[in-house]
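Take a look at the letters that make up each chain.
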Amino acid sequence: MSAGARLPRWVDLGLLPLLNLAAAFLLSGLVVLAIGEDPIKALRILVNGAVGYPEAVAFTLYYTTNFILTGLAVALAFHAGLFNIGGEGQAYVAGLGVGLVCLYLDFLPGFAVVPIAILSAAAFGAAWAAIPGWLEAYRGSHVVITTIMFNFLAAALMTYLITNWLLDPAHGAPETRRFAGHTTLWTMQQMLGWFGIKAPRSPLNAAFFLALAAAAFVWIYVWHTRAGYRLRTVGSSHKAALYAGIDPARTIVVAMAISGALAGLMAVNEIQGAQARLLLSFTGGYGFVGIAVALMGRNHPVGVCLAALLFGALYQGGAELAFEMRNINREMVIVIQGLIILFCGALENMFRPTLARLFARQGAA
Amino acid sequence: MEDLVLQTVSLLASTVRLAVPLILCALAGLFAERSGVVDIGLEGKMLAGAFAAASVAFWLQSAWAGLAAAMLVSIAFALVHGFACITHRGNQVVAGMALNVLAVGLTAVLAFAWFQEGGKTPALADAARFRPLQLPFVAEISTVPVLGTIYARLLSGHNALVYLTAALVPLVAFVVFRTRFGLRLRAVGENPHAVDTAGISVARLRYQAMLASGALCGIAGAYLSTAQSASFLREMTAGKGFLALAALIFGKWMPIPTLFACLLFAFADALQGRLQGVALPGIGVVPVQAIQALPYLLTILLLAGFVGKAHAPRASGIPYSKEK
Amino acid sequence: MEAASALELPALELRGIDKSFGAVHANRAVDLSVAKGSIHGIVGENGAGKSTLMGIVYGYYAADAGTIRVDGKEVHIAASQDAIAAGIGMVHQHFMLVENFTVLENVLLGAEGGALLKKGEAAARAALGKIMADYGLEVDLDAKIETLDVGTQQRVEILKALYRGAQILILDEPTAVLTPQEADALFRLLDTWRSQGRTVILITHKLREILAATDRVTVMRQGAVVATRDTAATSQEELAELMVGRRVQLRVAKDACVPGAEVLRATGLRYVDARGVERLRGVSLSVRAGEIVGIAGVSGNGQSELLEALAGLLPLAGGEIFYKSEKLAPPGTAAASRAARLHGIAHVPEDRHRMGMVVGYSAAESTILGYHGDEDLGFGPLLSNRAATTRTARLMGAYDVRPAAPALRSGNFSGGNQQKIVLGREIDRDPELLLIGQPTRGVDIGAIEFIHRRLVALRDAGKAILLVSCELDEILGLADRILVMFDGRIVGELGRDAADERALGLMMAGVAQAAAAE
């Protein structure tokens, strides 16, 4: 029951996030200025690099796919009152789920092995998240800390498995052999080809549609099912949940499992779609980006998709930026990401009192 | 015999060297979390400090100037954390996360732009680093069997920051448990309302804790880039901030137990290098990753109440507001 | 003891104190004058602004406008330290203690007497020893707060204020956690202070206490002061009328009770809470169709736990619950709470905001809490928001909820309308048994009458009702049979006709239980 100022809905959902975003970009521009480059020019290169030509768009959407999934994972857990910052580890372990199926069940036909691999990814991710969920629900260990620890455990486990058991000895790098062609997902190039559309080569693949389907699933699950009602009730008050005959502990484990499954699907895009082999550290921090995406997207699937698109564009445009500008490297994107988490997440209420005063005065006038 | 002693002593000496950044960070976290601010931003503060130390030490050719810069930058990060969580009552975990990401990005971008060495800082000359110090009479005592070896190789021969850290642990313990500031610090993390009604400003107290946290993380960062290494490397903290957090939990938010947790984790780290490929009798070759994972596994087991029970300060993680 | 002479400057004088929290106007231009060496009572309903006003005096909240004078001198109180410096001490309703600190550490906090603790500790021990001896406030200084009972914790709060040399002591609802005997001891202590020239401000909503302990009394309503009286020249009736702003009629007209078959029987219920305190020590009771059984008692004597246990929410350490002679599964799980509801046991919980509803939910979402599994609310696993809205609109009409807006956030309704939503949801199912706790806490007078009429109507329809309330008037007005709880046990039972406040009061104190129970 905070005395937090109430704002019109459009301000709360539209203006305030945009202001926060603007602040993050303004500060990013100052960083660019500080290292002696022109922020306006940088922005132009960034935008052009993200959406300026077909290949750029394809790469942007490929990154977007990862971010939708990891963003949804954070958002869903949030509605159950849980902060899952273990998406990185859950996706990493899910890669093992994909890899094992594509490597060892490739005697099966494509229509069987592809869905099995996807389900396997979801199951591995779910399992890796359900353990911290169980520890929170039944042993009272805080999920924030345990998911951080599980990220490190995942890294150790995967390094061990890949370097000791799964790597292709014929290959120098710590990665498995290439998966058989029929076990991987269709590329966008392939799919557009069916309709006679020529598309550039890119890592964009069918997992993009999987991500959109996942967003629709989260929307329906959270707001239009009885299970979603249970989840949100637990997220609001354990006492109310118990009163309503809802088992908070069970609901927490289920929520973490679904969250982990969503994060796990990211491995489908990377391993089964883009890379066609299991390799070290393929998650590349995308799990953490999911936190920023969920914060910016206000934990709503539509918001998550939009925020994921923004981050997808940033990642792709950032690569172009590093290529075009001598003084800027790819980490510029991480700076922007950090500032977005800061302003859209931790400082989300910074402008609120000012806006509230502004609108109160307007309302009174 | 002397050989075994030498080996043990050298293992312990590298344990000490590896433990220093963990201890400093864990003490930093102790101040923050005891005040009620969950600090997963230790990693970021340390990384920013490491970069600042290496850059300034290179420009000014002075390790001490580097240390000062590291502390300032790290404190600045801590104040941003405070601004978000104390002043604006933002989510503490999110703020810590933001600082971690920001530190990774900023250090890489600035290092790349300023030094053009692909994201690292230029190698530091010995004069711009913290070099090992010899304690008095090392030459005379080192000939004494066992004790001499211990004195010369375990107690002596570390850099100034190691000795500083050794002095800081009892100092922090004293401050937390025997001073007015410590009493208030412990109280504000448990029940800020009690502190407020006792006529003490909650925000001020928490900012003070964040200052201490920033300063200590800065020293840890300087240690990494100007004592242990001779330059800043991208993401050179490599999860040490989180490991320190684990140690803090393992030490139940108390200085001395936390020190031992840090030493234990560092020992595992030191051992791992030596065990690589070595078959242990009865066990066989222990995978490096298993040892790497050990601290995290232990912490999880502790948190789950399988080995003892850790109680976080009761008010940690909750922004303070007078209306309940 | 006479009140201080009029010539002397008041110990505390407030002028035009105004305070808003967002849209809530908590204090409206409050003037208050408290004579030195007197005990001054402040009464008012929940939410009348008493605690906020004293929070301002103690520097916990900052007033939007107004001035504060202590001994005739204007003081600027921006934080608690200013209040402490001005000689004001406060014992808050919710204690401001650090649970894992010792008593001594809690007293020292903020008054350490130097940068190092050691010296201050020794001095504090000596000073506290003297205070404890002078006032008979014995506490083990080295005990951890979490090991102490609430009465002792209150003593620590008082010690804190005295150690800081408070001349004006504010006590906010101090008897809420005390047994009547402890309350009497506290009032004797207040007398001692008054005789020493200290000033006491006693905030309460219990009129009995005002008449027993104070020299003057100020009545607050909706954030404003409506009257100040000499205690000797006023009565409970007058004060009650001033508090609510019109003649109070808490007695609901109702016919004689015609009890039917036994609906609920509990035998030997025992419950131990997470801290190991035994809250229920073998409670047995029975409720029949067509009667309202009231449970009276000082807050914290196990009534809340009893209600939750019967609703299936608390894991019992012993005892059995029979519903229509069928034994219920051991409570304490979500399944038990679900089963109770399916059996036709409705429950309106005491804690409306955290248990009865979800304040962040729309009214429609709160209205299906516990009934979200209903078949008519969706198809299979799906939940239809439209069906929930339709149901809510109907209930809002039937229970006079204002505004009748199913999409409005539950937390934005007034306390009375929130309670109507919860009550409507629970009795809409035509339950055989209603468990209801503090039905009118934080509820405005208009809604109280509505709720009371509904409960009586439900009884007349042949349903069984178990009512837990800390308001004796409510129990006396509604219940057909009254059980009194003290220290986790039922210490007596009275028929409505045999009950009066005196008899109940004695039983609530744990006195005369043998005589009444046999």
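Going by the structure above, here's the rest.
Conventions and cut-offs
Per chain, the residues get numbers from 1 upward, laid out in the order the sequence is written. All chains are assigned letters beginning with A, and all ligands numbers beginning with 1, in the order in which they are written. Only residues with pLDDT of at least 70 get local features here, since the model is predicted, and only at 80 or more are side-chain atom pairs given and counted; chain-wide, interface and lining totals rely on the full set of residues. Under the scheme used here, helices are H or I runs from DSSP no shorter than 4 residues and strands are E runs no shorter than 2 residues, and both carry numbers assigned from the N terminus. To get the radius of gyration, use the C-alpha atoms; to get the globule rule, take the number of residues to the power 0.38 and multiply by 2.2 Å. Once C-beta atoms have been placed from the backbone, residue pairs whose C-beta atoms lie within 7 Å are recorded as contacts. Whether a residue is buried, exposed or partly exposed follows from its count of other C-beta atoms within 10 Å of its own C-beta, namely 20 or more, 12 or fewer, or something in between, respectively; the C-beta atoms are built from the backbone. All amino acids are sorted into three groups, where Ala, Val, Leu, Ile, Met, Phe, Trp, Tyr, Cys and Pro are nonpolar, Asp, Glu, Lys and Arg are charged, and the leftover types, Gly among them, are polar. Criterion used throughout: strands pair if DSSP finds at least two bridges between them. Inter-axis angles, ranging from 0 to 180 degrees, are taken between N-to-C directions of lines fitted to C-alpha atoms, where helices are fitted over the stretch in contact. One fewer than the residue count of a helix, multiplied by 1.5 Å, yields its expected span. The labels follow the angle: roughly parallel below 35 degrees, roughly antiparallel above 145, roughly perpendicular from 65 to 115, and oblique for the rest. By definition, turning the near helix anticlockwise from the far helix through less than a right angle yields a left-handed crossing, and turning it clockwise yields a right-handed one.

Quick look at the overall build of chain A
Counting its regular elements, chain A contains 15 helices and 0 strands. Computed over its C-alpha atoms, the radius of gyration of chain A comes to 21 Å, within 12% of the 21 Å expected for a compact globule of 365 residues. Over its C-alpha atoms, taken along the principal directions, chain A stretches across nearly 75 × 60 × 40 Å. In chain A, 75% of the contacts between residues at least 6 apart in sequence involve partners at least 24 apart.

Concerning the overall build of chain B
Looking only at helices and strands, chain B has 13 helices and 2 strands in total. Relative to its length of 324 residues, chain B is compact, with a C-alpha radius of gyration of 20 Å against a globular reference of 20 Å. For chain B, the C-alpha atoms occupy an extent of roughly 65 × 50 × 40 Å along the three principal directions. Long-range pairs, those at least 24 residues apart, make up 75% of the contacts in chain B between residues at least 6 apart in sequence.

A word on helix α9 (residues 226–236) of chain A
Counting buried positions over the 11 residues of α9 of chain A gives 9, a clear majority of the element. If you follow the buried residues of α9 of chain A, they end up packed against α3 (54–79), α8 (207–224), α10 (238–243) and α11 (248–275) of chain A.

Concerning the interface of chain A and chain B
Between chain A and chain B, the residue contacts involve 42 residues of the former and 40 residues of the latter. Of all the elements, helix α6 (residues 143–166) of chain A adds the most residues to the side of chain A that touches chain B, at 12 residues. Classifying every residue of the side of chain A that touches chain B gives 28 nonpolar, 11 polar and 3 charged.

As for the interface of chain A and chain C
With 19 residues of chain A in contact, the opposing surface of chain C contributes 22 residues. Mapped by element, the contributors of at least two residues to the side of chain A that touches chain C are α9 and α10 of chain A. No other element matches the 5 residues that α9 of chain A contributes to the side of chain A that touches chain C.

Section: unusual backbone geometry
The linkage connecting R402 of chain C with the following residue, P403 of chain C, adopts the cis geometry, with an omega of -10 degrees. Secondary-structure assignment places P403 of chain C in the loop between α13 (385–398) and α14 (415–427). Here E235 of chain B, not a glycine, exhibits a phi torsion of approximately 50 degrees, which is positive. Within the element layout of this structure, E235 of chain B appears in the loop between α10 (202–228) and α11 (240–250). Even without being glycine, W253 of chain B reaches a positive phi, approximately 60 degrees. Within the element layout of this structure, W253 of chain B appears in the loop between α11 and α12 (255–275).

Points about the sheet that holds strand β3 (residues 39–43) of chain C
Residues and elements named next belong to chain C. Reading across from one edge, β6-β7-β8-β3-β9-β10 is the order of the 6 strands in this open sheet, with mixed pairing throughout. If you trace the sheet from one side to the other, it starts and ends with β6 (88–91) and β10 (224–230), each paired once. Taken over all neighbouring pairs, the strand axes of this sheet differ in orientation by 20 degrees on average, direction set aside. Relative to strand β8 (residues 199–204), β3 is paired through 5 bridges, and the arrangement is parallel. By the bridge assignment for β8, H40 is matched with I201. Relative to strand β9 (residues 216–221), helix α8 (residues 236–244) is tilted by about 30 degrees, and along the sheet it contacts β3, β9 and β10.

Thoughts on the sheet that holds strand β16 (residues 345–348) of chain C
All names here are of chain C. Pairing is mixed in the open sheet, where 6 strands are placed in the order β16-β17-β18-β13-β19-β20. Both edges of this open sheet fall to β16 and β20 (489–495), since each of them pairs with a single strand only. For this sheet the average axis-to-axis angle between neighbouring strands, irrespective of direction, equals 20 degrees. By the bridge criterion, 6 bridges tie strand β19 (residues 481–486) to β20 in an arrangement that is antiparallel. Residue pairing for β20: L483 is matched across the bridge by E493. Docked against the sheet, helix α17 (residues 501–508) engages β13 (292–296), β19 and β20, running at close to 30 degrees with respect to β19.

Brief notes about the pairing of β9 of chain C
Residue and element names in this part refer to chain C. With 5 of 6 residues buried, β9 lies mostly within the body of the structure. Sheet topology places β3 next to β9; 4 bridges connect them, and they run parallel. By the bridge assignment for β9, I42 is matched with T218. Relative to β10, β9 runs antiparallel, the two sharing 6 bridges. Residue pairing in the sheet places T218 in a bridge with T228 of β10. Between β9 and β10, which pair antiparallel in sequence order, lie 2 residues; one of them, Q222, sits at a positive phi of approximately 45 degrees.

Side note on helix α4 (residues 92–115) of chain B
Here α4 of chain B is 24 residues long and its end C-alpha atoms lie 34 Å apart, about the 34 Å a rise of 1.5 Å per residue gives. Just past α4 of chain B, the residue Q116 of chain B takes up positive phi, approximately 50 degrees.

Comments concerning the packing of helix α14 (residues 332–346) of chain A against α4 of chain B
Between α14 of chain A and α4 of chain B, the least distance of the axes is 7 Å, while the angle of their chain directions is 160 degrees. If you check the angle between α14 of chain A and α4 of chain B, you find them roughly antiparallel. Read as a crossing pair, α14 of chain A and α4 of chain B show a hand that is left-handed. Contact residues: α14 of chain A offers M332, I334, V335, Q337, G338, L339, I341, L342, G345 and A346 of chain A, while α4 of chain B offers V94, A95, M97, A98, V101, L102, V104, G105, L106 and V109 of chain B. Grouping the constituent residues of the contact of α14 of chain A with α4 of chain B by class yields 16 nonpolar, 4 polar and no charged.

Here's the deal with the environment of L60 of chain B
All names here are of chain B. Summarising the element assignment, L60 is placed in helix α2 (residues 42–60). Given 14 C-beta atoms within a 10 Å radius, L60 is considered partly exposed. The spacing of L60 and I300 is 240 residues in sequence and 44 Å in space, taken between C-alpha atoms.

Regarding the packing of helix α8 (residues 180–190) of chain B against α10 of chain B
Two numbers describe a pair of packed helices, the interaxial angle and the distance between the axes. Residues and elements named next belong to chain B. The interhelical angle for the contact between α8 and α10, taken along N-to-C directions, is 110 degrees, at an axis separation of 10 Å. What the angle tells us is that α8 and α10 run roughly perpendicular. Where α8 approaches α10, its residues R184, L185 and V188 are matched on the opposing element by V202, L205, R206 and A209. Here the contact of α8 with α10 is built from residues that sort into 5 nonpolar, no polar and 2 charged.

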